Amino acid sequence: MFITIEPHQFSANQKLLDAMFRLRKRVFFDELGWDVPIKGDRERDRYDDHRPVYLIWCSDDRRTLYASLRLMPTTGPTLLHDVFSRTFGNDVDLSAPGIWEATRMCVDVEALRLDHPEIDLMRAMSLMVALICEVAVDKGIHTVVSNYEPQIARVYKRAGAKFDEIGRADGYGKRPVCCGLFEASECVLQQIYTKLRLSKPLLSGLRHTAQHHAPAFAVNPYAAQARFSGFAA
Amino acid sequence: MHGVEIISGAQEALRAAVAAASNVQEACEAIRKYYDVHVVYHLAQTPDTGRDAPFVKTTYPTAWVGHYVLNGYVNIDPVVHEGFQRVLPFDWSELSVATLQVERLFRDAIRFGLGASGYSVPLTDKAGRRALFSINGMMVKPAWHDFVRANRGCLTDLAQILHRRALVEVYGEGDAAQRLAPREIECLAWVAQGKEAPQIAVILGLSAHTVRAYLKSVRHKLNCTSISQAVDRARQLRILAPPSTGGTQVRQ
């Protein structure tokens, strides 16, 4: 299931969040070699104390985490402003209501392989992009600033995401890091649903304008399939 | 709703009215008049505000405010308690708390002339200060949801402008203007030369959406209610050369 966890839900989701901090350590510190603050086997920085929103993909019983990312408004303190501006320059430093920042997107490949062997890493990353877009459109966020690895850009494009690369930095970790400005709109979201062959929103109970969605789904030949068609990216 | 909203002249005028209001109360009234909803702005009490009472401005009837205070409703009001914990804008129907006390609070509110629907925008600024902007209306869903969906971009904008007005009122000074990024200055310089977002997009090799996002960021950083005001402000600040020199050469 795909969920958002806001500060008022932190205590009820402590185990999931803890799993997320441990996953982030494995991905960003161990694998990518990023200069991120580590405490034991967890990666957690000061923006996590600043009450962000986490977008989470987990098992229905909320016991297994598959993927996570962090969303923050750019009107408040943001990582790309404070930390990445050293590597990206100021061009990634946008600040306005309606523009939010997504960081620390990561996937637990092992957990995914066990529970969803049909979904590969690329598909998983694409689903997380779909999730960001879905939440953004639902909440009136029109633009998302996010960092990603250069080779992922291709995957996002294929997933129907619409974005401009606005910065690229070498030497932050083992590989270069890109910063992109992602458009979030009904139009882009529909494109993502189509490209990823998603027959319904990832978030359950999402109040979408049905009239906008119905036609797109009606013409989708994969609509009858399970939510995850296992379409390899 | 598609991408960066195209803001109508009326909404731009409303933003200007809110920014120019002599105080936050007056700004709330201006929003109320425009949308026909009640408006509440609530600046969170933090240790460094040096205030012994929370800063709350509202268009609610005085009788309701009195009743609310008298009944200690602030202690159970889920909009306040959960709202300050939340980050994303939310409809009051999303609030998770549903006790008998809370039910009574909402029933009372309606008895005092408030609407059954509400929508709140949690606010945060670079200094980490938090506030909550809420509207309350008579409409019921689905009309209410359509109303919110159609206006939330503008409401979020207004909420931030109101927040800055409040900071001036509470602290006597606003946020210092944030530094503009080279790309933001570039986009603004082209606007100053009369170019539109799609043209600028072609010149800079970006999408029109990205250019609009940069311009929105400029407007917010310079604390302006329109992009033409932002051009003027940037000239005053010598970020852009004044028009009299014949060009809009970027200074830095």
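Before reading further, recall that the structure is shown in the block above.
This is a predicted model, so every value here is computed, not measured. (Residues numbered from 1 in each chain as written. Chains lettered and ligands numbered in written order. Predicted model: local features only at pLDDT ≥ 70, side-chain atom pairs only at ≥ 80, totals over all residues. Heavy atoms only, no water.)

> Please provide a residue-by-residue account of the overall build of chain B, values included.
The helix and strand tally for chain B stands at ten helices and five strands. Counting the 252 residues in chain B, one finds 52% classified as buried. Restricting to contacts in chain B with at least 6 residues of sequence separation, those with at least 24 account for 61%. Carbon and sulfur atoms make up 54% of the accessible area of chain B, which amounts to about 11,400 Å² in all. (Helix = DSSP H or I, 4+ residues; strand = E, 2+ residues; numbered from the N terminus. Buried < 20%, exposed > 50% of the residue type's maximum accessible area, 1.4 Å probe, protein only. Contact = heavy atoms within 4.5 Å. Areas by Shrake-Rupley, 256 points an atom, 1.4 Å probe, with all protein chains shown as cover.)

> I'd love a proper account of unusual backbone geometry, names of residues and values included.
The linkage connecting Lys141 of chain B with the following residue, Pro142 of chain B, adopts the cis geometry, with an omega of 10°. If you trace the backbone, Pro142 of chain B turns up in the loop between β5 (130-137) and α6 (143-171). Phi angles above zero are rare outside glycine, and Arg104 of chain A is one such case at about 55°. Here Arg104 of chain A lies in strand β6 (residues 99-107).

> Help me get a handle on the sheet that holds strand β5 (residues 65-73) of chain A, residues and values and all.
Reading across the sheet, the seven strands line up as β1-β4-β5-β6-β7-β9-β8 (chain A) and stay open at both edges, with mixed pairing between neighbours. Each edge of the sheet is formed by a strand with only one pairing partner; in this case those strands are β1 (2-5) and β8 (163-169) of chain A. In this sheet, adjacent strand axes meet at a mean angle of 25° when their direction is disregarded. Relative to β6 of chain A, β5 of chain A runs antiparallel, the two being bridged by six bridges. Of the residues in β6 of chain A, the one forming a bridge with Leu71 of chain A is Ala102 of chain A. Running over the sheet, helix α9 (residues 208-221) of chain B touches β6, β7 (143-148), β8 and β9 (177-183) of chain A and is turned about 95° from β9 of chain A. (Pairing = 2+ DSSP bridges. Axes fitted to C-alpha atoms, helices over the stretch in contact; angles between N-to-C directions.)

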